[in-house]
Amino acid sequence: MTKYALSLAGLFFALAVNAQVGDPVIMTIGGKPVLRSEFEYSYNKNNTEGVIDRKTVEEYVELFANYKLKVAAAMEARYDTLSSFNEEYLEYRNQQVRPTLINEDDVEAQARKIHQATKDRIGPDGLIEPSHILLRLPQQADETTKQKVQQRADSIYKAIIGGADFEKMASQYSEDYGSAKDGGKIGQISRGQTLKEFEDAAFALKDGEVSRPVLSPVGYHVIKMMGHSEFAPYDSLREDIHRFIEARGIREAIINEKIETLARLRNVTNEEVMDLRADSLASIDPEMKYLFQEYHDGLLLYEICNREVWEKASNDEAGLNTYFKKNKKKYAWDSPRFKGIAYYTRDEKDIEAVRKSLKGVSFDKWAEVLRSTFNSDSVLRIRVEKGLFRKGDNSLVDRDVFGVDTVPAAKKDYPFCATFGKKLKSPKEMSDLRSQVVSDYQNAMEEKWLDVLRRKYPVVVNKDVVATVNKHK
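A brief structural summary. (Residues numbered from 1 in each chain as written. Predicted model: local features only at pLDDT ≥ 70, side-chain atom pairs only at ≥ 80, totals over all residues. Heavy atoms only, no water.)

### Quick notes on the layout of surface pockets
Here is step 1 of the chain: Empty space within the second largest pocket amounts to approximately 320 Å³.
Here is step 2 of the chain: Considering the residues around the second largest pocket, the lining is formed by 16 residues, among which Ser42, Asn46, Tyr60, Phe64 and Tyr67 are closest to the centre.
Here is step 3 of the chain: For the lining of the second largest pocket, the secondary-structure elements that each account for two or more residues are helix 2 (36-46), helix 3 (57-76) and helix 13 (286-315).
Here is step 4 of the chain: Per element, the largest residue contribution to the lining of the second largest pocket is six residues, and it comes from helix 3.
Here is step 5 of the chain: Looking at the lining of the second largest pocket residue by residue, the class counts come to seven nonpolar, four polar and five charged. (1 Å grid on protein atoms, 1.4 Å probe; cavity = no way out; pocket = protein on both sides within 12 Å on 5 of 7 lines; lining within 4 Å. Points joined across faces, edges and corners; volume = space filled by probe spheres on them. Helix = DSSP H or I, 4+ residues; strand = E, 2+ residues; numbered from the N terminus. Nonpolar A, V, L, I, M, F, W, Y, C, P; charged D, E, K, R; others polar.)

### A word on the sheet that holds strand 4 (residues 214-216)
Backbone-to-backbone hydrogen bonds pair the strands of a sheet. The strands run either parallel or antiparallel.
Here is step 1 of the chain: What the three strands build is an open sheet, ordered 3-5-4; its pairing is antiparallel. The open sheet has two edge strands with one neighbour each: strand 3 (127-136) and strand 4. Strand-to-strand twist in this sheet, taken as the mean axis angle between neighbours without regard to direction, amounts to 45°.
Here is step 2 of the chain: Looking at chain direction, strand 4 and strand 5 (residues 219-229) are connected through three bridges and run antiparallel. Bridge pairing in strand 5 places leucine 215 opposite tyrosine 220. (Pairing = 2+ DSSP bridges. Axes fitted to C-alpha atoms, helices over the stretch in contact; angles between N-to-C directions.)

### Remarks on the nonpolar core
Here is step 1 of the chain: Within the largest apolar cluster, 70 residues are counted, with the highest numbers of intra-cluster contacts made by Ile26, Met27, Phe39 and Val437.
Here is step 2 of the chain: Tallying contributions element by element places helix 13 first for this core, with twelve residues.
Here is step 3 of the chain: Setting aside its immediate chain neighbours within four residues, phenylalanine 39 contacts Ile26, Met27, Val57, Tyr60, Val61, Phe64 and Val469.
Here is step 4 of the chain: If you look at the next biggest cluster of nonpolar residues, it comprises 15 residues, including Ala141, Phe166, Val210 and Tyr220. (Core = buried A, V, L, I, M, F, W, Y, C linked by side-chain atoms within 4.5 Å. Buried < 20%, exposed > 50% of the residue type's maximum accessible area, 1.4 Å probe, protein only. Contact = heavy atoms within 4.5 Å.)

### A look at the side chain of lysine 68
Here is step 1 of the chain: Looking at the element boundaries, lysine 68 is found in helix 3.
Here is step 2 of the chain: The exposure class of lysine 68 is buried, given its relative accessible area of 10%.
Here is step 3 of the chain: Of the polar contacts made by the side chain of lysine 68, one reaches the side chain of aspartate 297; its length is 3.0 Å.
Here is step 4 of the chain: In this structure, lysine 68 is in contact with Ile29, Val34, Glu38, Gln293 and Asp297, ignoring residues within four places of it in sequence. (Polar contact = N/O pair within 3.5 Å; in protein donor to acceptor, adjacent residues only side chain to side chain.)

### Considerations on the packing of helix 4 (residues 83-97) against helix 13
Here is step 1 of the chain: Contact geometry for helix 4 and helix 13: axes closest at 10 Å, N-to-C directions at 155°. As judged from the angle between their axes, helix 4 and helix 13 are roughly antiparallel. Helix-helix and strand crossings are classified by hand; for helix 4 and helix 13 the assignment is right-handed. Together, Phe85, Glu88, Tyr89, Tyr92, Arg93, Gln96 and Val97 of helix 4 and Met288, Leu291, Phe292, Tyr295, His296, Leu299 and Leu300 of helix 13 make up the contact between the two elements.
Here is step 2 of the chain: Looking at the contact of helix 4 with helix 13 residue by residue, the class counts come to ten nonpolar, two polar and two charged. (Parallel < 35°, antiparallel > 145°, perpendicular 65-115°, else oblique. Left-handed = near helix turned anticlockwise from the far one by under 90°.)

### A few points about the environment of glutamate 317
Here is step 1 of the chain: Tracing the backbone through its elements, the reader meets glutamate 317 in helix 14 (residues 317-326).
Here is step 2 of the chain: Here glutamate 317 falls in the partly exposed class, since its relative accessible area comes to 37%.
Here is step 3 of the chain: On a C-alpha basis, the gap between glutamate 317 and valine 438 in space is 9.6 Å, while along the polypeptide they are 121 residues apart.
Here is step 4 of the chain: Apart from the residues lying within four places of it in its own chain, the contact partners of glutamate 317 are Met430 and Arg434.
Here is step 5 of the chain: In terms of polar contacts, glutamate 317 uses its side chain to reach the side chain of arginine 434, at 2.7 Å.

### Quick notes on helix 14
Here is step 1 of the chain: Within the span of helix 14, buried status applies to Gly319, Leu320, Tyr323 and Phe324. One face of helix 14 carries all of its buried residues, which in axial projection span an arc of 135°. Residues of helix 14 that are exposed and point more than 90 degrees away from the buried face comprise Ala318, Lys325 and Lys326.
Here is step 2 of the chain: Next to the buried residues of helix 14 lie helix 13 and helix 18 (434-456). (Arc of directions from axis to C-beta.)

### Let's talk about unusual backbone geometry
Here is step 1 of the chain: With a phi angle near 55°, asparagine 267 is a residue other than glycine that sits in the positive phi range.
Here is step 2 of the chain: Take asparagine 267: it is sitting in the loop between helix 11 (250-266) and helix 12 (270-284).
Here is step 3 of the chain: The class for asparagine 267 is exposed, based on a relative accessible area of 71%.
Here is step 4 of the chain: Here asparagine 470, not a glycine, exhibits a phi torsion of approximately 60°, which is positive.
Here is step 5 of the chain: By the secondary structure assignment, asparagine 470 is in the segment after helix 19 (463-466).
Here is step 6 of the chain: Relative accessible area serves as the criterion here: at 41%, asparagine 470 is assigned to the partly exposed category.

### Description of the sheet that holds strand 8 (residues 416-424)
Here is step 1 of the chain: Taken together, the three strands give an open sheet; going across it, the order is 7-6-8, and neighbouring strands pair in antiparallel fashion. Since the sheet does not close on itself, it has two edges, and those belong to strand 7 (382-389) and strand 8, each with one partner. Each strand of the sheet is rotated relative to its neighbour by a mean of 10°, with strand direction disregarded.
Here is step 2 of the chain: Sheet analysis places strand 6 (residues 337-345) next to strand 8, joined by nine bridges and oriented antiparallel.

Listed below in structure tokens is the structure:
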């Protein structure tokens, strides 16, 4: 038995417990009971206010029974043992389980850790807010260049000491163009965030003080200290830190850490921690229990319907054509259609060239022929709209095929236009309305399949219990 099967056993145990405490069986499918609470969960979820095709309880019984029949068939076919099914189910389930493993106290504890770690990184010197004027100096500069840059830096320093406005000087002379736009301001920094030579000089300044030119690997700095501050206390930063946690996905990291901690304490794997938590939730929370069941059954339903009906019908060309011929009257049109193309060309000669290229070619290959013949180069010679047109679908078709007195919509750079194809009073072949035929054929196959399933898994509905749906305490 797989780990997943063991986990699901907990869910079935929860179902059995419910049955013993006032949750009656509303129906059996092949002898297996379905509880009223599961039916109510599904009915109430799919028949909320605003649903266009709301069903009565009695109407929904039939739909729900069909749903459970398909799930029963999928279980017998052992689709629940497929690794792809298990992976997808557990992914859905765990999306619901993971958030329940932590609470706001866990997030608060992480927020305080982040605050303390930041405070420790900033250290006892706190934060400073320096501005600077940078004169760049290449590291391989010769002595003459160094002296010139140093002299310029000295001149700027003396001008500021003499009363020149620091911000204006920074805007005019600083070669740190990012901060120069803001009068030399670089924002708050702590130790370890920038060049050591710059930091040592900046941290030695008092508020409002201006440094003599300081040489660093990038050049000469004239620094002004705008202010000192301590790292803000936790309470003043709490909301910002919590927003940071959510924005950076740190909550997920907290959950991962909690799972690993629980796994170590219980001597189990991370996957088993998730299984145990899911079982626990299912045993105490009916909504969660049936949400898990919905994920489980929904994935099985998709898999078996795709294999038994949808994909099989879509690929059954012989069956589709036979179904179309037997039901041709069903697909009669109330008005003619035009099966063909409306096309626009740059050159008038291409009007006839298009027609010649399509003669004798099956309709489903027209698009490829036109692309390879006329639009294989970088310049598109033609613009084409292909389809099954009714009157009113296309102005060019309306004029040329249906005789409507209208002016076709023009296409820029494509002054010549025409149509090519056939006007049909009714569909001649299945491909003329393939999507509709496929849908109808799928429905017919599904009805036959459900007849087989009902014989294989008899459905017994307890009408007395149906009458109590949403009416009990």
